[in-house]
Structure formats: structure tokens, C-alpha cells
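Structural characterization, general
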Amino acid sequence: MKLEKTARLPAGRLFCLMVVAAGLAAAGCAAKPSPSTTLISNAIVVDGSGAPPIKVAVRIEGQRITEVGALKARRGENRIDAGGLVLAPGFIDTHSHADEHVLEQPEALVAVSQGVSTVIVGVDGFSKFPLAEFYADLETNPPVVNTASYAGHNTLRTKVMGDDFRRHATGDEIEAMCELLEREIRGGAIGLSTGLEYDPGIYSETEEVIALAKKTAALGGRYTSHIRSEDRYFEDAIEEAITIAREAQVPVQISHLKLAIRRQWGCAQALITRLDEARSSGVDITADIYPYEYWQATLTVLFPERNFEDRAAAEFALSELSMPDGLLMSRFDPEPSYVGKTIAQISALRGTDDTTTLMALIAEAEPLRAETGEYAETVIGTGMMTGDIEELLSWPHANVGTDSYLVDRHPRAAGTYARVLGRYVREKKILSLEEAIHKMSGLPARHLGLEDRGLIAPGMFADLVLFDPETILDHATLKDPTALSTGVTGVWVNGVRVFDGGASTGARPGRVIRSAIKPSILNGFSCPAGR
Ligand SMILES: [Zn+2]
């Protein structure tokens with residue numbers, strides 16, 4: 001990372017270096033008319049490194065930031081008076097499902113309106129395949145935001161095992177997954193994602209994931225995981241993630257870290273202690289987190305043994321994980337009128353008890369999934385404690401992410417970043433402004449290995465967000481999930497303004513961010529599965 005690298009270079013000297021590097025006349029240091037540059041002044045810059053706010057100006061040239069400091073406007077230069085608002089690096093969403101809709105909704109307004117400039121997709125083990133095709137489509141029809149993707153284990157496993165996935169993979173099948181993974185990483189994937197609580201990943205052995213993680217590490221990629229259990233077997237799932245990272249010597253990011261079972265509520269500190277222990281033993285483990293007490297997944301995750309007809313398992317889910325009035329259907333293809341209703345409300349409609357309803361809904365959705373290959377239902381489940389969220393969010397190795405679609409019934413899609421800045425920073429003072437911004441920009445960039453985004457410093461891509469820290473706030477709720485956040489007045493992506501005064505500018509400068517494969521391992525690497 002270039003985290004501390006150039007931010008403090010005297011601006012004038014850096015400009016000279018750049019002029020020389022560009023092969024221009026040495027006399028180029030003299031001030032000249034420069035209509036191609038933009039100077040943002042009168043801004044409180046919070047640079048994403050965690051450093052305190054500082055009143056400086058920022059100069060953009062083309063796609064990059066060229067200078068930061070006490071800068072004087074040049075003749076003919078575009079000037080923007082920031083009006084004393086906060087200027088931060090554009091937010092990097094490390095866990096986004098934007099790949100579902102970004103080609104159809106390239107304006108990505110729910111993301112941009114809260115300051116997001118880069119989305120990381122292909123998460124939870126599900127990615128576009130082949131990724132090279134998706135990337136080509138993004139380059140033909142660029143969205144507003146930058147996009148990078150992991151290669152998803154569930155996707156690769158389906159390609160190799162098809163419908164015959166309810167078992168351990170053979171050595172040959174793991175070998176085949178490794179080959180596909182290598183192709184995806186060479187095609188630009190930034191690493192491997194798993195969604196081990198979903199099908200077909202839940203049927204994999206740890207060894208299978210280790211093999212793929214080793215391949216990922218050898219190609220310089222990273223590993224992110226929706227772990228095997230977020231409730232019943234949570235402790236084991238955390239240990240598995242640590243084991244995979246240690247065995248494969250790969251950085252691991254736990255997706256949407258949470259404590260989502262009643263017996264774990266209030267145990268954030270114990271979890272943090274375990275994660276810190278793993279870090280001190282040499283495992284590069286980090287996490288992303290969203291600031292809501294409710295998750296969104298399929299109903300099937302409530303049944304890790306996939307025993308959907310087991311009443312005791314259903315009763316356990318409805319008492320220990322999420323109550324009947326806390327499970328809100330956000331998609332239900334067999335009966336779309338159930339969307340927006342809780343299990344308790346649906347029970348009243350059907351005249352059945354809650355346990356029967358839960359089991360019946362899965363029984364009705366599963367045949368559709370068998371037919372289409374896609375989950376036919378999603379649910380928003382209330383099951384986390386605010387205090388735990390605050391402690392986990394404060395963990396120095398946790399960054400903010402949304403875990404959301406661009407079209408989503410969970411308010412996190414439109415509210416996550418503004419919610420942290422409005423409620424956790426301004427109202428509750430859980431985090432300082434610079435800590436929060438670090439967790440939205442510099443820290444996620446470090447967790448992803450992005451060397452030229454996430455900071456306001458010379459040489460970085462000019463992804464920027466301008467907002468009012470006194471007013472920024474989320475408005476999306478479970479009842480009104482698409483209400484946009486307010487308080488962001490400007491967003492730039494690669495030097496181009498994409499959001500201005502509450503509206504999209506229509507510009508779509510988003511780029512594909514590809515992995516940087518280590519040159520030393522470009523030639524020859526055999527899959528480590530070898531079984
Ligand atoms: Zn997930």
C-alpha cells in the first residue's frame with residue numbers, strides 16, 4: 001500500500017517531479033494556464049488514512065489527484081468552492097451485490113448518493129462467469145462506479161459439479177475448480193470468495209477451500225468468506241476461516257461480521273479477542289460490517305443441516321435466531337404478495353402456526369430453485385444487538401461494507417455509509433469522523449490490496465466524496481427501503497463528477513479494477529489439491 005507515501009510531499013516539488021516524469025520541459029514548474037485541472041478549495045480534507053481533518057486544497061488532473069496542500073488557483077483552472085464541507089476519498093464497498101443489476105442500472109444511485117465510488121462484487125461465493133465477459137460488458141457500458149470482483153467458490157463448484165453437489169468434491173473436481181479459478185484470476189478477479197452457508201458451498205470440506213485458497217494466494221489474490229455458520233456453529237466457522245487463511249497463507253476478510261444467535265449476543269469482545277489472537281499469530285484476518293440489526297439471506301440458511309421438515313430445527317430458528325415477527329420476506333417467488341410481510345403476518349393469513357409457516361414456505365420455494373437454479377426467496381431477519389455492532393464496527397480491522405444489491409429491500413443498500421456517519425459518528429460518537437472515513441476508504445483499500453485508491457494523496461485516483469458532517473443521514477428503513485441518504489453534495493469517480501447537489505450528473509467514468517498478478521508466478525503453478 002502507498003498509504004503514507006506521498007501525502008506530505010511538498011506540492012510544488014511533486015508537481016516538478018511529475019512534469020519531468022512526463023517528459024515535458026523542465027521550465028514547466030512555472031504556473032501556467034491549465035484548464036484541464038480542477039482545484040477543490042475551502043474543504044475540510046479527511047484523507048482516509050485515519051489522520052485528523054485538515055483544511056487544504058486538492059488539485060485533480062485527468063483521473064488523478066496531483067496535489068494536496070495550500071494551493072493557489074491557476075489561471076483558467078476549474079475551481080470548486082467546497083463551502084467548508086468535508087472532502088473524503090470515495091467510499092469503497094468491499095461487499096456488494098451490485099453485479100446483479102449494475103449493467104441495467106449503471107447510474108447506481110443508491111450507492112453514489114451515499115458516497116460510494118467503488119463496489120467489490122462476486123461475494124458470498126457467487127460471481128459472474130466467466131468474469132472476463134462481465135468485465136468486457138462493464139467496459140463497453142461503463143457504470144458510474146468502479147468495479148472489482150472476486151471469483152466465487154459456489155459458482156466454480158456449480159460449473160464443475162452441476163446438480164450433483166450434495167457431497168464432498170473428488171480430487172479431480174477440486175483440480176477442475178482450481179483451473180477455473182486460475183482462469184478467473186488471470187481474467188482479473190481479485191481473489192476468491194466463499195459463501196459456505198449457501199448451496200453448494202456448504203457441502204465442501206475445509207480441504208477443498210484450502211486448495212482453492214492456496215491457488216488464490218499463489219496468484220497474489222485475497223480470500224473473503226461468508227463463513228459456514230453465522231449462528232449455530234459460529235465459533236467453528238470462525239476457526240475454519242482462520243485455518244484456511246493460515247494453511248493457504250492468504251489474507252482473509254470475514255464478510256458482514258455479526259453475532260446473530262441469542263446465546264452470542266453481547267459477546268463481541270470475546271470474538272474480537274479471538275480475532276486479535278489470530279492476527280498476532282500471523283493470520284491476516286479482517287472483516288467488513290454493515291450498521292444494521294438485521295441481516296438478509298435465504299430462509300434455507302436457518303437450516304444448516306438442510307432438514308427443512310424438522311420441526312425442532314424450525315422452532316430453534318424462530319426462538320434463537322430471529323422471531324416470527326422479525327423475519328420479513330424480501331423475495332418470495334411462489335407467492336409475491338408475501339413480500340413485505342413477516343412470518344407472523346403470513347401465519348395469520350394462512351391460519352397456521354409460525355413453525356408450520358416457515359417449513360411450508362421453504363417447501364414451496366425449493367422446487368422453484370431446483371427448476372431455475374436460483375434461490376426463489378430471501379428474508380430480512382432481525383437478530384443482532386446494537387451494542388455488538390458498535391463494538392465490532394470499532395474493531396480497528398473492520399471496514400464498512402453494505403452487503404447489498406442496487407435494487408434491494410434491505411435499507412443498507414441506500415443507507416449504510418450515511419448511517420455510520422450520521423448516527424455512529426455524529427449522534428452516538430462511537431467513532432471519530434476520521435476513523436469512520438478510514439473504515440470506508442483507506443482501510444478497505446488496504447484490505448483489498450488497492451494501491452491507488454482510498455486516500456486523498458498525490459498520485460491516487462481522484463475518487464472523492466464531499467458531504468456535510470452536520471447533516472449527513474440515512475433515511476432508508478424497512479418500510480421505505482429505497483429512500484436515499486442526504487448530506488452528500490458531490491461525488492467524483494476517476495476525476496469526473498458523477499453526483500452533484502442530490503442528483504446524478506449522467507457521467508459514467510467507472511473503471512474495472514483488475515487483479516495485479518505477481519509477475520514471478522505467471523509461469524506454471526500446479527493446483528495444490530493433489531488428492
Ligand atoms: Zn453473505
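In what follows, the structure referred to is the one given above.
This write-up is about the structure you can find in this document. Quantities reported herein were computed from a predicted structural model and do not represent experimental measurements.

1. Some points on the sheet that holds strand β8 (residues 146-149)
The three strands are arranged β6-β7-β8 in an open sheet whose pairing can be described as parallel. With one partner strand each, in any of the chains shown, β6 (91-93) and β8 form the two edges of the open sheet. Across this sheet, the average inter-strand angle for adjacent strands is 20°, counted without regard to direction. Pairing geometry for β6 and strand β7 (residues 116-121), over three bridges, is parallel. Counterpart to Asp-93 in the pairing with β7 is Val-119.

2. Some words on the layout of surface pockets
Counted as a void, the largest pocket has a volume near 1,400 Å³. Every residue lining the largest pocket is counted, 46 residues in all, and those nearest its centre are Phe-126, Gly-373, Glu-374, Tyr-375 and Tyr-405. Elements that contribute at least two residues to the lining of the largest pocket include exactly α4 (153-161), β14 (294-297), β15 (327-332), α11 (354-372) and β16 (377-382). Ranked by residues supplied to the lining of the largest pocket, first place goes to α4 with four residues. For the lining of the largest pocket, the class distribution of residues is 13 nonpolar, 14 polar and 19 charged.

3. Some points on the sheet that holds strand β13 (residues 285-289)
As summarised here, the arrangement of the six strands in space is β9-β10-β11-β12-β13-β17, forming an open sheet in which the pairing is parallel. Taken across any chain shown, the strands that pair with only one partner, and hence form the sheet edges, are β9 (151-152) and β17 (398-400). Sheet analysis places β9 next to strand β10 (residues 191-195), joined by two bridges and oriented parallel. Paired with Gly-152 across the strands is Ser-193, a residue of β10.

4. A word on empty space enclosed by the protein
With the rule as written, the count across this model stands at three cavities of 30 Å³ or more. By volume, the largest cavity is sized at about 80 Å³. As for the largest cavity, its lining consists of Glu-197, Glu-230, Asp-231, Lys-258, Ala-260, Trp-295, Ala-297, Val-301, Leu-302 and Leu-321. In the lining of the largest cavity, the residues fall into six nonpolar, no polar and four charged.

5. Topic: the coordination of the zinc ion
Summarising the metal site, the zinc ion is bound by the protein donors Asp-124 (OD), Asp-124 (OD), His-226 (ND1) and His-256 (NE2), whose distances to it range over 2.0 to 2.5 Å. For the zinc ion, the four donor atoms in the first shell make angles of 56 to 135° at the metal, so the coordination geometry reads as irregular. Of note, the donors binding the zinc ion are all from one chain and are spaced D-x101-H-x29-H. Remark: His-256 occurs in the loop between β12 (252-254) and α8 (268-280) and His-226 occurs in strand β11 (residues 222-226); sequence separation between them is 30 residues. For the pair His-226 and His-256, a shared accessibility class is recorded, and that class is buried.

6. Things to note about the environment of Leu-328
Following the sequence through the fold, Leu-328 ends up in strand β15. Given the relative accessible area of 13%, Leu-328 is considered buried. Taking the C-alpha atoms as reference, Leu-328 lies 35 Å from Gly-442; in sequence the two are 114 residues apart.

7. Let's talk about α8
Counted at 1.5 Å a residue, the expected span for α8 with its 13 residues is 18 Å, and the 18 Å between its end C-alpha atoms agrees. Inspection of α8 places Ala-268, Leu-271, Ile-272, Leu-275 and Ala-278 among the buried residues, and these make up the whole buried set. Summarising the axial view, the buried residues of α8 lie within an arc of 120°, below the 170-degree limit, and thus occupy one face. Structural note: α8 exposes Ala-270 and Ser-280 on the side pointing more than 90 degrees away from its buried face. Where α8 is buried, its residues touch α7 (234-248), β13 and α12 (386-394). Downstream of α8 by one or two residues, Gly-282 has phi in the positive range, about 105°.

8. Here's the deal with the pairing of strand β5 (residues 86-89)
The sheet contact formed by strand β1 (residues 37-45) and β5 spans two bridges and is parallel. Looking across to β5, one finds that Ile-44 is bridged to Val-86. Relative to strand β18 (residues 464-467), β5 is paired through four bridges, and the arrangement is antiparallel. When the sheet's bridge partners are listed, Leu-87 is paired in β18 with Leu-466.

About the thresholds
Residues numbered from 1 in each chain as written. Predicted model: local features only at pLDDT ≥ 70, side-chain atom pairs only at ≥ 80, totals over all residues. Heavy atoms only, no water. Pairing = 2+ DSSP bridges. Helix = DSSP H or I, 4+ residues; strand = E, 2+ residues; numbered from the N terminus. Axes fitted to C-alpha atoms, helices over the stretch in contact; angles between N-to-C directions. 1 Å grid on protein atoms, 1.4 Å probe; cavity = no way out; pocket = protein on both sides within 12 Å on 5 of 7 lines; lining within 4 Å. Points joined across faces, edges and corners; volume = space filled by probe spheres on them. Nonpolar A, V, L, I, M, F, W, Y, C, P; charged D, E, K, R; others polar. Donors = N, O, S within 2.8 Å, 3.2 Å for Na, K, Ca; no water. Tetrahedral: all angles 85-135°; square planar, octahedral: opposite > 155°, others 65-115°. Buried < 20%, exposed > 50% of the residue type's maximum accessible area, 1.4 Å probe, protein only. Expected span 1.5 Å × (residues − 1). Arc of directions from axis to C-beta. Contact = heavy atoms within 4.5 Å.

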